Number of protein chains: 2
Amino acid sequence: MSYLPVKQLLQTPPGQTVTVKGWVRTKRESKNAVFIAINDGSTIHTIQAVAEAGFLPDDTLRLVTTGACVAITGELVESQGAGQAVEVKIADVTIYGPADPEKYPLQPKRHSLEFLREIAHLRPRTNTFSAILRIRHALAFAVHKYYNDNGFFYLNTPIITASDAEGAGEMFRVSTLDPLNPPKTEDGKVDYSQDFFGRETNLTVSGQLEGELGALALGKIYTFGPTFRAENSNTTRHLAEFWMIEPEMTFFELEDNMALAEDFVKSVIRYALDHCADDLAFLDNRLAEEEKTKKKEDQQEQTLLEKLRFVVDNDFERLTYTEAVEILRNSKPAKKGQFQYEVSWGVDLQSEHERYLVEKHFKKPVILTNYPRAIKSFYMKQDNEPATNSRGEVFGPTVRAMDVLFPGIGEIIGGSQREDDLDKLTARMAEVGIEPEAIWWYLDTRRFGTAPHAGFGLGFERLVLFVTGMSNIRDVIPFPRAPKSAEF
Amino acid sequence: MSYLPVKQLLQTPPGQTVTVKGWVRTKRESKNAVFIAINDGSTIHTIQAVAEAGFLPDDTLRLVTTGACVAITGELVESQGAGQAVEVKIADVTIYGPADPEKYPLQPKRHSLEFLREIAHLRPRTNTFSAILRIRHALAFAVHKYYNDNGFFYLNTPIITASDAEGAGEMFRVSTLDPLNPPKTEDGKVDYSQDFFGRETNLTVSGQLEGELGALALGKIYTFGPTFRAENSNTTRHLAEFWMIEPEMTFFELEDNMALAEDFVKSVIRYALDHCADDLAFLDNRLAEEEKTKKKEDQQEQTLLEKLRFVVDNDFERLTYTEAVEILRNSKPAKKGQFQYEVSWGVDLQSEHERYLVEKHFKKPVILTNYPRAIKSFYMKQDNEPATNSRGEVFGPTVRAMDVLFPGIGEIIGGSQREDDLDKLTARMAEVGIEPEAIWWYLDTRRFGTAPHAGFGLGFERLVLFVTGMSNIRDVIPFPRAPKSAEF
C-alpha cells in the first residue's frame with residue numbers, strides 16, 4: 001500500500017507526493033479552481049484536493065460527485081484556505097466508482113435519522129454514523145483493555161442455549177425442524193428430541209450463569225457478546241439483539257462489585273475522551289444544535305462533553321433501595337402528585353423515579369443497592385439483616401443487588417453478589433418455580449468449592465448511547481434488530 | 001480486596017503477611033507438616049501453604065480436600081522445598097466451600113478429555129482447560145489489539161439475519177411463531193410475515209457481506225463474533241456455534257490481503273508466545289506425553305513450541321491453485337495411488353492434499369490463490385487472465401481467492417479480493433441463482449462509490465486449536481455446541 005489514510009495524511013508535513021484514496025464528500029468549483037473534499041472513514045475530517053480550473057479532463061470531473069470513490073495523487077502542500085494545515089495539489093485522479101447524483105441517496109444535505117435508518121447499509125458514510133461507529137469501536141476496545149489489564153479472562157459463553165432459568169424475558173427459538181410439519185410426540189407436542197440439539201433451544205438472554213462457572217475456576221472472567229430479547233417493544237431503548245458485557249468475579253462481595261462497576265465505566269468513558277476527541281467534538285456540536293430546537297425548559301443543562309467529564313470526575317452516589325424510597329416519598333414531585341407511579345417499599349422503581357434521583361436529587365450517577373428480594377432474580381445473595389429507614393421502619397427481605405443509574409439513560413448496569421449457599425439458593429428456586437434439574441451444573445458450583453462471588457451486566461449499546469449523546473438505540477448499532485425489522 | 005492473585009503472590013518477596021484465596025488442588029500430610037497446594041485460576045501454578053502437624057484443628061483439616069475453596073492467611077516465606085520461591089506459613093484457614101471427596105468428580109488423577117467434556121462446567125478447574133482458556137483469552141485480546149493498532153474498526157454485524165446469500169452452509173431458523181401451529185398463508189406455507197421480524201430469519205453464517213458495507217465507509221473493519229452452521233457433522237473439526245474473525249479492507253487487493261493475513265496470524269501467535277509462556281510450556285509437555293503413546297511414525301516432528309516458533313519465524317509459501325495441482329499430480333502419493341481422492345484442475349482440494357502440500361512438500365504454512373471460479377463464492381473477484389501451468393496448459397476461469405493452510409489444521413483462513421464490478425457480480429449471481437433483490441443493499445455498494453476491496457475469515461477455534469496443540473475443537477471453546485449437544 002503506497003498510500004496513507006486521511007487521518008495520517010492530515011498530520012503529514014507538506015512537500016511530498018502523496019496518494020489519497022476515499023470517497024468524495026463535496027466538490028466545489030470556483031472561477032479559478034476546483035476543490036474536492038475526500039473522506040476515507042479513518043477520521044471525521046476530510047482532506048482537500050485542489051486543481052486549477054481546466055486542469056482535469058471534463059470526463060473525469062463529471063464523475064467526481066458526492067459518494068464517488070477516487071484515488072488522487074499530487075503534492076501535499078500547505079493549505080491556502082482555512083480549516084486545514086495541508087491539502088493535495090492534484091496531479092492525477094483515478095475514478096474507482098462513480099455515484100450517480102440522480103440516484104445516490106446521500107447527497108450533501110441534512111438527512112433525518114429516520115431516513116438514514118432505512119439505508120443502514122449506507123449511513124456509515126455520513127459524519128454522524130461514522131463518528132458513532134468509531135466511538136463504538138474505541139469503547140469496545142477499551143472494554144477488552146480494561147479487563148485484560150486487570151487480570152480478567154474473556155469467556156465466550158454459549159449463544160444457543162437449552163437453559164431457560166434466567167427468566168430475563170421472552171426468548172427466540174432456534175430450530176432446524178420442518179417448520180410446517182414438525183415431528184410430534186405421542187401426546188401431540190413438538191418432538192424436540194429430533195431437533196438439531198436433541199432438545200428445545202433458544203438464543204441466550206445472558207451469559208451470567210455460564211460466566212459464574214468460569215469465574216469459579218479462573219477467578220475473574222468477563223463476557224462480551226450478543227444477547228437477545230424477543231420482546232415486542234418498539235421503543236428507543238430496546239433492541240431484539242444487543243451486545244452485553246458481563247464480568248463475574250470470585251471473592252468479590254457487593255462493595256467490591258460496586259467499586260469495580262464504577263471504576264470500569266469511568267475508565268472506558270475516559271478512554272473515549274482520550275482517543276475520540278474529534279468525533280466527540282463533532283457529536284457534542286451535533287447535540288448542541290439539536291438542543292437549540294427544543295424549548296428552553298427541555299434543554300439539557302450540560303453539553304455532551306461536560307456530561308462525560310462530569311461522570312469521569314465525580315464519585316457515584318451509593319445508597320440502598322430503602323433509602324431511595326424514602327427520598328422519593330419525601331420528594332416534591334411525590335408530594336405534588338407529579339409521579340405517574342406511586343412509590344412504596346417493595347415496588348420496582350420506574351424510570352421517572354430513577355431519573356429524579358440521578359438528575360434532580362443527586363445530580364450524578366447513583367448506585368442503588370439491597371433491593372427487595374421479590375423483585376430481583378433468584379440467584380442474588382440474600383441479606384441476613386432486615387432493611388430499616390430513618391424512621392426505624394423495618395422492611396425485608398432484601399438481596400445484595402446493585403443497579404447503576406445514569407443521567408438520561410436510567411439503568412446502565414445491573415448486578416449483584418450471588419447466592420453462594422446451596423440451601424438458600426435451592427430454597428429460593430423452589431419459591432419461584434425453577435427445577436434444580438434444569439441447572440444441575442449451576443448448582444454443582446455451590447456443591448463443590450463454593451465461594452463468595454459477584455458480577456454485573458452492562459448493555460453495551462446503552463453505554464454507546466450515553467457516550468455519543470444519541471437518543472435512539474437503533475442509531476448506535478450498525479444493523480439494529482427490532483420487531484418487524486431485520487433488513488441487511 | 002486485601003489479597004493478591006496467586007500469579008502475583010508467587011512473584012512477591014517473602015517477609016509479609018498475605019492472604020491467598022483459591023481452590024485446593026492437593027493436600028499432602030507428612031509426619032511433621034501439612035502441605036496444601038492452592039490454585040485460583042490466575043496462573044497454571046499453585047502456591048504452597050504449609051502448617052506444622054497438629055497446628056490446624058481436625059475439623060478444618062478434614063474439609064481441606066481437593067476442590068474445596070479456602071482463604072489462607074499467613075506469612076509469605078522462602079520455600080524450603082523445590083519448585084517454588086515462596087510459600088505461605090499458615091496462620092489461619094477459612095473454608096468457603098468444601099468439596100466432598102466422595103462426590104467431587106475432579107480428583108487429582110488423570111481424567112480423559114471425553115469425560116471432561118461431559119463436565120464442561122467443571123473442567124476449567126483443571127490444569128489443561130484453565131491453560132486453554134487463558135490462552136484463548138490472550139489470543140482474543142491479541143486479535144483486538146492487532147486490529148486496533150492497525151487502524152481497523154470493530155464492527156458488530158448482525159447475528160439474526162434474513163439474508164441467505166452467502167450459501168456457506170445450512171442455517172438455524174430463529175422464530176417466535178407457535179411451533180405446533182404456525183400461522184399459514186393461503187397457499188399453505190408458514191406465514192413468516194407474522195413472525196417476530198416479519199420475515200423468515202436465521203442465525204448468521206458469516207458477517208462478511210455486512211462487513212463489506214462497513215469497510216466501504218470506514219475503510220478497514222473487522223468482525224469478531226459467533227457464527228453458526230447447522231451441519232450434522234460430528235467431527236473433531238466442526239462446531240455448530242463458533243467464533244469468527246473477519247477483517248475487510250477497502251483499497252486492498254489480493255496481494256495486500258495475503259500480506260495482512262500472514263502478518264496478522266503471526267502477530268497473534270507471537271503474542272501468545274510472549275504472554276502465555278507458562279501455559280504453553282504446560283501444554284507443550286502435555287502434547288509431548290501424548291505423542292509418546294503413539295507409534296513412532298505417527299509422532300509429530302516438532303513439539304508444540306517448535307511448531308509455533310516455526311510459523312512465526314518463516315515466510316508462508318505462496319502459490320496458485322494451478323501450481324498446487326501440478327505439484328500434487330507429480331507427487332509421490334499421487335503416483336503411488338495413495339491419495340484417496342484424485343486431483344485434477346477444477347476439483348476442490350481435500351484435506352489430504354492440503355496436508356501434503358503443507359506438511360510434506362513445503363513443510364511450512366502455505367497460501368493458495370486464484371482458485372477455479374466454479375468452486376468458490378459468487379462475490380470473489382474474477383481474474384481477467386486464464387491460469388496456465390508449467391507445461392503451458394491453459395485453465396480457467398479463476399477468482400482472486402486465497403486459502404491459508406496450516407500444519408495439522410488445514411484451512412485456517414479463507415478469503416479473497418471481492419468483485420467490485422456491478423455487472424460482473426450480478427452476472428455471476430444470475431449463474432448461481434441469487435436474486436438481486438435478496439441483497440439489494442450489498443449491490444448498492446457497487447452502484448455507489450465502489451472500490452477495490454478484500455477480506456478474509458479466520459475461525460477462531462481453529463487458531464486456538466493450533467496454538468494449544470489440542471486435537472478436538474470441542475476442547476478449545478468453553479461450552480461446545482454440536483449435533484445433539486447443547487448442555488450447560
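The rules behind the values
- Residues numbered from 1 in each chain as written.
- Chains lettered and ligands numbered in written order.
- Predicted model: local features only at pLDDT ≥ 70, side-chain atom pairs only at ≥ 80, totals over all residues.
- Heavy atoms only, no water.
- Least-squares fit on C-alpha atoms with pLDDT ≥ 70 in both.
- Contact = heavy atoms within 4.5 Å.
- Pairing = 2+ DSSP bridges.
- Helix = DSSP H or I, 4+ residues; strand = E, 2+ residues; numbered from the N terminus.
- Core = buried A, V, L, I, M, F, W, Y, C linked by side-chain atoms within 4.5 Å.
- Buried < 20%, exposed > 50% of the residue type's maximum accessible area, 1.4 Å probe, protein only.
- Axes fitted to C-alpha atoms, helices over the stretch in contact; angles between N-to-C directions.
- UniProt positions renumbered as here; feature names shortened; annotations may be inferred.

Novice: Please set out the relation of the copies chain B and chain A residue by residue, giving values where relevant.
Specialist: Note on the copies: chain B fits chain A at an RMSD of 0.0 Å, the axial shift is 0.0 Å, and the rotation between them is 180 degrees. Classification of the inter-copy transformation places it as that of a two-fold axis. Rotation axis and chain B: the residue whose C-alpha lies nearest the axis is B:Val174, separated from it by 2.5 Å. An overlap of 100% is found between the interface residues of chain B and their copies at the interface of chain A, pointing to a shared contact surface.

Novice: Break down the pairing of strand S1 (residues 17–29) of chain A for me, with residues and values.
Specialist: All names here are of chain A. Taken together, the 7 bridges between S1 and strand S4 (residues 69–78) define a ladder with antiparallel strand orientation. Bridging across to S4, Gly22 finds its partner in Val70. Where S1 folds back on strand S2 (residues 33–39), the antiparallel hairpin that results is connected by 3 residues.

Novice: Account for the nonpolar core, with residues named and values stated.
Specialist: Formed by 168 residues in total, the largest nonpolar core has its most connected members in A:Ile269 and B:Ile269. Counting 37 residues, the second largest nonpolar core, distinct from the first, contains A:Phe479, B:Leu357, B:Val366 and B:Tyr442.

Novice: Give me the lowdown on the sheet that holds strand S16 (residues 398–406) of chain B, citing residues and values where you can.
Specialist: Residue and element names in this part refer to chain B. Read from one edge to the other, the open sheet built from 8 strands follows the order S6-S10-S11-S18-S17-S16-S13-S12, with strand pairing classed as mixed. With one partner strand each, in any of the chains shown, strand S6 (153–154) and strand S12 (317–320) form the two edges of the open sheet. Those strands touched by helix H6 (residues 254–275) are strand S11 (241–250), S12, strand S13 (366–372), S16, strand S17 (410–417) and strand S18 (453–459), and its axis lies near 15 degrees from that of S16.

Novice: Summarise helix H13 (residues 440–447) of chain B; cite the residues concerned and give the values.
Specialist: All names here are of chain B. Burial of H13 is extensive: 6 of the 8 residues sit out of reach of the surface. Looking only at H13, the buried set comprises Trp441, Tyr442, Leu443, Asp444, Thr445 and Arg446. Gly449 sits one or two positions beyond H13 and adopts a positive phi of about 65 degrees.

Novice: Lay out the UniProt feature "coiled-coil region" (unreviewed entry) in chain A with the relevant residues and their values.
Specialist: The positions UniProt marks with the feature "coiled-coil region" (unreviewed entry) are residues 280–307 of chain A. Within the segment residues 280–307 of chain A, helix and strand shares are 61% and 0% respectively, and the terminal C-alpha atoms sit 12 Å apart.

Novice: I'd like a rundown of helix H14 (residues 460–468) of chain B, residues and numbers included.
Specialist: All names here are of chain B. Of all 9 residues making up H14, 8 are buried, and the element is well covered by its neighbours. Taken residue by residue, H14 has Phe460, Glu461, Leu463, Val464, Leu465, Phe466, Val467 and Thr468 as its buried positions. A positive backbone phi angle near 75 degrees is found at Gly469, which sits one or two residues after H14.

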